[in-house]
Amino acid sequence: MAPSFRSVVSSLLPSEERLMSRLQNLSEKDVLSIVDEFVVGLPEFDAVIGLPGAEDLARSLASLRGVPAVLVTRDAESGWWSFDTEPTERTQHAVIVTEHFTDGLPELEAVVQASKLGYLVQWVACAVERTNEPGRSRLELQGLTILPAVQLADTPRGLVMERRFPQP
């Protein structure tokens, strides 16, 4: 489980502000630690779809697996995701990469949009999953598998490492 990244996150707790600041400024060492976790935990896929904020993670994972990285941005007019690349073949298997997984809505929207383009998204890989949020339930009901590098729980005293569920 991304031991060096886990140590970094642990040192930032219970502060959500410090965690968010670090997620927005991941070091190269953090990115490599997280991506190493993804490489081990994910089966074969044809493309990596990186959500905003997770571009470096998506590029690194794509590079290590030798597949294209597809970056998405939010279209200002429609509110939908805009993909910088369409699949070269229909039904390419893809993984969505995000840095901070909470309610799962951005990821679910990206899955829907990706499927319209011909991607089959089966996995969501995230640097940090907030286990008190409904994201995992929402996406698992759609048949997606979630792969977090670190799971955090919200408590009255702030964020803590998740202890209720086995860490992936």
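Residues numbered from 1 in each chain as written. Predicted model: local features only at pLDDT ≥ 70, side-chain atom pairs only at ≥ 80, totals over all residues. Heavy atoms only, no water.

Draft legend 1. Structural view of the overall build of the protein chain. Looking only at helices and strands, one finds six helices and seven strands in the protein chain. Ordered by position from N to C terminus, the α and β elements of the protein chain give α-α-α-β-α-β-β-β-α-β-α-β-β. Relative to the 2.2 N^0.38 estimate, which gives 15 Å for 168 residues, the radius of gyration of the protein chain is 15 Å and therefore close to what a compact globule would have. Here the C-alpha coordinates of the protein chain stretch approximately 45 × 30 × 30 Å along the principal axes. With 168 residues in all, the protein chain has 48% of them scored as buried. Split by element, the accessible area of the protein chain, about 8300 Å² in all, is 49% carbon and sulfur. The distance from the centre of the 15 positive side-chain charges to the centre of the 24 negative ones in the protein chain is 7 Å. (Helix = DSSP H or I, 4+ residues; strand = E, 2+ residues; numbered from the N terminus. Rg over C-alpha atoms; globule rule 2.2 N^0.38 Å. Buried < 20%, exposed > 50% of the residue type's maximum accessible area, 1.4 Å probe, protein only. Areas by Shrake-Rupley, 256 points an atom, 1.4 Å probe, with all protein chains shown as cover. Lys, Arg positive; Asp, Glu negative; His and termini not counted. Charge placed at Lys NZ, Arg CZ, Asp CG, Glu CD.)

Draft legend 2. Focus on the side chain of Arg65. By the element assignment, Arg65 lies in helix H4 (residues 55-65). Residue contacts for Arg65: discarding those within four places in its chain leaves Phe38, Val39, Leu42, Pro43, Glu44 and Phe45. (Contact = heavy atoms within 4.5 Å.)

Draft legend 3. Just the sheet that holds strand S2 (residues 69-74), in detail. Ordered in space as S3-S2-S1-S4-S5-S6-S7, the seven strands form an open sheet in which the pairing is mixed. On the outer flanks of this sheet lie strand S3 (81-83) and strand S7 (158-161), each paired with one strand and no other. Neighbouring strand axes in the sheet, compared pairwise and without regard to direction, differ in orientation by 30 degrees on average. When strand S4 (residues 92-101) meets strand S5 (residues 119-130), the two strands line up parallel, connected through nine bridges. Note on S5: the bridge partner recorded for Gln92 is Tyr119. Relative to S3, helix H5 (residues 105-117) is tilted by about 45 degrees, and along the sheet it contacts strand S1 (47-50), S2, S3, S4 and S5. (Pairing = 2+ DSSP bridges. Axes fitted to C-alpha atoms, helices over the stretch in contact; angles between N-to-C directions.)

Draft legend 4. Structural context of the environment of Ser33. Inspection of the secondary structure assignment puts Ser33 in helix H3 (residues 28-41). The spatial distance from the C-alpha of Ser33 to the C-alpha of Cys126 is 12 Å, given a sequence separation of 93 residues.

Draft legend 5. Quick look at the environment of Arg157. Checked against the element boundaries, Arg157 lands in the loop between strand S6 (145-155) and S7. Judged by its relative accessible area of 78%, Arg157 falls in the exposed class. Spatially, the C-alpha atom of Arg157 lies 9.9 Å from that of Leu13, the residues being 144 residues apart in sequence.

Draft legend 6. Molecular detail of the layout of surface pockets. As a volume, the largest pocket reaches approximately 170 Å³. As for the largest pocket, its lining consists of Leu51, Pro52, Trp81, Thr98, Glu99, His100, Thr102, Asp103, Gly104, Pro106 and Glu107. Where the lining of the largest pocket is concerned, the elements lending two or more residues are S4 and H5. By residue number, the principal contributor to the lining of the largest pocket is S4, which donates three residues. Of the residues contributing to the lining of the largest pocket, the split by class is four nonpolar, four polar and three charged. (1 Å grid on protein atoms, 1.4 Å probe; cavity = no way out; pocket = protein on both sides within 12 Å on 5 of 7 lines; lining within 4 Å. Points joined across faces, edges and corners; volume = space filled by probe spheres on them. Nonpolar A, V, L, I, M, F, W, Y, C, P; charged D, E, K, R; others polar.)

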